[in-house]
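# Summary of the model geometry
Next come the chains, spelled out residue by residue.
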Amino acid sequence: MTSNPALTQVDTRDVVYTIEHVTALFHVKVDTAREYSHHKDLPPAYRLGARLLWDRDEILVWFRSLPRLTLAARRR
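Residues numbered from 1 in each chain as written. Predicted model: local features only at pLDDT ≥ 70, side-chain atom pairs only at ≥ 80, totals over all residues. Heavy atoms only, no water.

Time to look at unusual backbone geometry. Despite not being glycine, His27 shows a phi value in the positive range, around 55°. Looking at the element boundaries, His27 is found in the loop between helix 1 (19-26) and helix 2 (30-36). Residue His27 is classed as exposed on the basis of its relative accessible area, which comes to 68%. (Helix = DSSP H or I, 4+ residues; strand = E, 2+ residues; numbered from the N terminus. Buried < 20%, exposed > 50% of the residue type's maximum accessible area, 1.4 Å probe, protein only.)

So, on to the side chain of His21. Checked against the element boundaries, His21 lands in helix 1. What makes His21 buried here is its relative accessible area of 5%. Apart from residues lying up to four places away in sequence, His21 is in contact with Val10, Asp11, Thr12, Asp14 and Val16. (Contact = heavy atoms within 4.5 Å.)

Turning our attention to the packing of aromatic side chains. Within a pair of aromatic rings, the relevant descriptors are the distance that separates the centres and the angle that separates the planes. Counted by the stated rule, this structure contains two aromatic pairs. Relative to Trp62, the ring of Phe26 has its centre 5.7 Å away and its plane inclined at 80°; by these criteria the two rings are edge-to-face. With Phe26 in helix 1 and Trp62 in helix 3 (residues 56-65), this pair connects stretches of sequence that are 36 residues apart. One exposure class covers both Phe26 and Trp62, and it is buried. Between Phe26 and Phe63, the aromatic rings sit 5.5 Å apart at their centres with planes inclined by 35°, giving tilted as the arrangement. (Phe/Tyr/Trp six-rings, centres within 6.5 Å; stacked < 30°, edge-to-face > 60°.)

This brings us to the nonpolar core. Residues Tyr17, Ile19, Val22, Phe26, Val28, Val30, Ala33, Leu42, Trp54, Ile59 and Trp62 constitute the largest nonpolar core, which totals eleven residues. Looking at this core, the elements with two or more residues in it are helix 1, helix 2 and helix 3. The biggest single contributor to this core is helix 1, with three residues. If we ignore the near neighbours within four places in the chain, the residues touching Val22 are Val28, Ala33 and Trp54. (Core = buried A, V, L, I, M, F, W, Y, C linked by side-chain atoms within 4.5 Å.)

Burial analysis of helix 1 places seven of its eight residues in the buried class, the great majority of the element. Turning to helix 1, its buried residues number three or more, namely Ile19, Glu20, His21, Val22, Thr23, Ala24 and Phe26. Buried residues in helix 1 make contact with strand 1 (16-17), helix 2, strand 3 (51-55) and helix 3. The first or second residue beyond helix 1 is His27, which carries a positive phi of 55°.

As structure tokens, then:
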């Protein structure tokens with residue numbers, strides 16, 4: 001498994017997301033995506049064997065609920 005999301009080929013239209021989907025969607029490394037999976041505000045994953053799986057719609061709702069940064073906030 002690669003830790004570089006640019007090298008990971010996943011279809012973000014899939015209904016069920018794996019850690020590889022999360023890395024590709026948010027342009028982060030696998031380790032960072034695993035850290036996100038421990039945050040209480042991220043939708044909880046389903047466990048299937050050793051794999052963590054997320055519902056695509058739940059991940060997108062979570063993402064859209066994040067606060068947006070204004071231009072002034074980004075300059076700080």
